[in-house]
There are 2 protein chains.
Amino acid sequence: MQSLRRIVKALHDYSMRVEKQCGLTGPQLWALWELNRAGTLSLKALSKQMHLEPSTVTGVVERLHKRGLLTREPDPADRRRVMLSLTAEGSQLLKGAPHPAQGQLLYALHGMDLDSVASLNQSLKRLASDMEVDATDARFFFAEG
Amino acid sequence: MQSLRRIVKALHDYSMRVEKQCGLTGPQLWALWELNRAGTLSLKALSKQMHLEPSTVTGVVERLHKRGLLTREPDPADRRRVMLSLTAEGSQLLKGAPHPAQGQLLYALHGMDLDSVASLNQSLKRLASDMEVDATDARFFFAEG
DNA sequence: TGCAAACTATTTGAATGCAAATTAATAACT
DNA sequence: AGTTATTAATTTGCATTCAAATAGTTTGCA
């Protein structure tokens, strides 16, 4: 638990450093990054890529739009949808920016040998999968209270 | 990275479940928990225990105080300090509440053998430690951009 | 066709979290 | 003693995040 908190904190600190570097917060950079990868995404699709709620992404996108880093065009085929794309300025900014958050991980993983990284990856995937199991049996949660 | 996001998300979902159960958010429960462990803490000390900024803890404590779950007494020895303690009500509420977030981890770790848990713990500690290294050498961060 | 159901995006309200600035109290140093 | 520096807590302003409610659009079914 302590290690996880420290990792999350370190990721946040990295995000702050990125913000100082290129003027974007972590989620903002992340959103631009996903748009650059995909070319064009609906808000829903972007929120899915980022594993965030649409209502959250609306705000992030709004701030990026206000700065002219992306365009918001209604989809002619489905007028509920808002298609998001990078502007030239957004694309340009992205060229000078680091990977979102992943840079910090890469840096940290530099100091670990390949076997450790592979093992960690397996363990984390297993843990993540286990934690997503719906906890209908509450005994485990309260047994140690 | 994906695994970490999923773990953080799962922890947040657990926090929501806890909130539905006992009417407290994760940080609120966590604060009460730390107070119960320590008996009495200054706001500064509590923020240190939780690895959060004092300005953040001020808000959390205020909400708990508003509900009568803790007391805020000025320290006679140093009147800058505000000493925090659980009320009887807060103590009572804590008895029926799960461990903050750790319950979710315990549940997940149930499904892993001891060696895997030990190995994961080592890897996470190592990773957390590596990520806290001050990144004066920015090459790692931008090499892959 | 027409109505209900489902979907997309946004709005609203609340909590968390930080940094920076403020206020108040203590410590330190001249 | 008096001025300065440090420390504790709060306030303010902003970004992120979610859930729930809403408006507009599309789909599906009768």
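On a predicted model such as this, the values are computed, not experimentally measured, just so you know.

*Asks:* I keep staring at helix H3 (residues 43-50) of chain A and nothing clicks. Help me out?
*Replies:* One full turn of an α-helix is made of 3.6 residues, so residues set three or four places apart face in the same direction. All names here are of chain A. All of the buried residues along H3 are Leu 43, Leu 46, Ser 47 and Met 50. Projection of H3 onto a plane perpendicular to its axis shows the buried side chains occupying an angular sector of 100°, all on one side. Residues of H3 that are exposed and angled more than 90 degrees away from the buried face: Lys 44 and Lys 48. Each element contacted by the buried residues of H3 is listed here: helix H2 (26-38), strand S1 (40-42), helix H4 (54-66) and strand S3 (82-86).

*Asks:* Explanation requested: the protein's contact with DNA strand D in the structure shown.
*Replies:* As a structural note, the neighbourhood of DNA strand D is formed by 22 residues, with Thr 25 and Arg 63 of chain A together with Lys 44, Arg 72 and Arg 80 of chain B the closest of them. Near-protein atoms of DNA strand D (within 4 Å) split between backbone and bases, with sugar and phosphate holding 77%. Contact between DNA strand D and Val 82 of chain B: a phosphate oxygen at 2.8 Å from a main-chain N or O atom of the residue. Among the elements of the structure, H2 and H4 of chain A together with helix H3 (43-49) and helix H4 (54-66) of chain B are those that each provide at least two residues to the surface near DNA strand D.

*Asks:* Looking at this structure, how should I read the environment of Trp 30 of chain A?
*Replies:* Residues and elements named next belong to chain A. Tracing the sequence through the fold places Trp 30 in helix H2. Look at Trp 30 and you get buried, because its relative accessible area is 13%. Measuring from C-alpha to C-alpha, the distance between Trp 30 and Leu 86 comes to 13 Å, with 56 residues separating the pair along the chain.

*Asks:* Explain the sheet that holds strand S3 (residues 82-86) of chain B to me, please; I cannot follow it from the model alone.
*Replies:* Two pairing modes exist for strands in a sheet, parallel and antiparallel, and in both the strands are linked by backbone hydrogen bonds. Residue and element names in this part refer to chain B. Read across the sheet, 3 strands follow the order S1-S3-S2 without closing on themselves; strand pairing throughout is antiparallel. Only two strands of the sheet have a single neighbouring strand rather than two, namely strand S1 (40-42) and strand S2 (70-74). Across the sheet, the mean angle separating the axes of adjacent strands is 30° when strand polarity is ignored. The pairing of S2 with S3 spans 5 bridges and is classified as antiparallel. Bridge assignment links Arg 72 to a residue of S3, and that residue is Leu 84. Each of S2 and S3 is contacted by H4, which is oriented at about 115° to S2, the strand it contacts most.

*Asks:* For this particular structure, what's the right way to read the sheet that holds S1 of chain A?
*Replies:* Residues and elements named next belong to chain A. Here 3 strands make up an open sheet; going across it, the order is S1-S3-S2 and the pairing antiparallel. The outermost strands of the open sheet, each flanked by one partner alone, are S1 and strand S2 (70-74). The sheet shows a mean angle of 30° between the axes of neighbouring strands, taken without regard to direction. Packed onto the sheet, H4 meets S2 and S3 and runs at close to 115° relative to S2.

*Asks:* Is there a simple way to explain the protein's contact with DNA strand C in this structure?
*Replies:* The immediate surroundings of DNA strand C are formed by 22 residues, with Lys 44 and Arg 72 of chain A together with Thr 25, Thr 56 and Arg 63 of chain B found nearest. Of what DNA strand C places within 4 Å of the protein, 79% of the atoms are sugar or phosphate. Within the contact set of DNA strand C, a base nitrogen lies 3.3 Å away from a side-chain nitrogen or oxygen of Ser 55 of chain B. Taking Thr 56 of chain B, its side chain carries an N or O atom lying 2.8 Å from a phosphate oxygen of DNA strand C. Mapped by element, the contributors of at least two residues to the surface near DNA strand C are H3 and H4 of chain A together with helix H2 (26-38) and H4 of chain B. When the residues that make up the surface near DNA strand C are grouped by side-chain class, the tally is 5 nonpolar, 8 polar and 9 charged.

Quick notes on the rules
Residues numbered from 1 in each chain as written. Chains lettered and ligands numbered in written order. Predicted model: local features only at pLDDT ≥ 70, side-chain atom pairs only at ≥ 80, totals over all residues. Heavy atoms only, no water. Buried < 20%, exposed > 50% of the residue type's maximum accessible area, 1.4 Å probe, protein only. Helix = DSSP H or I, 4+ residues; strand = E, 2+ residues; numbered from the N terminus. Arc of directions from axis to C-beta. Contact = heavy atoms within 4.5 Å. Near = heavy atom within 4 Å. Polar contact = N/O pair within 3.5 Å; in protein donor to acceptor, adjacent residues only side chain to side chain. Pairing = 2+ DSSP bridges. Axes fitted to C-alpha atoms, helices over the stretch in contact; angles between N-to-C directions. Nonpolar A, V, L, I, M, F, W, Y, C, P; charged D, E, K, R; others polar.

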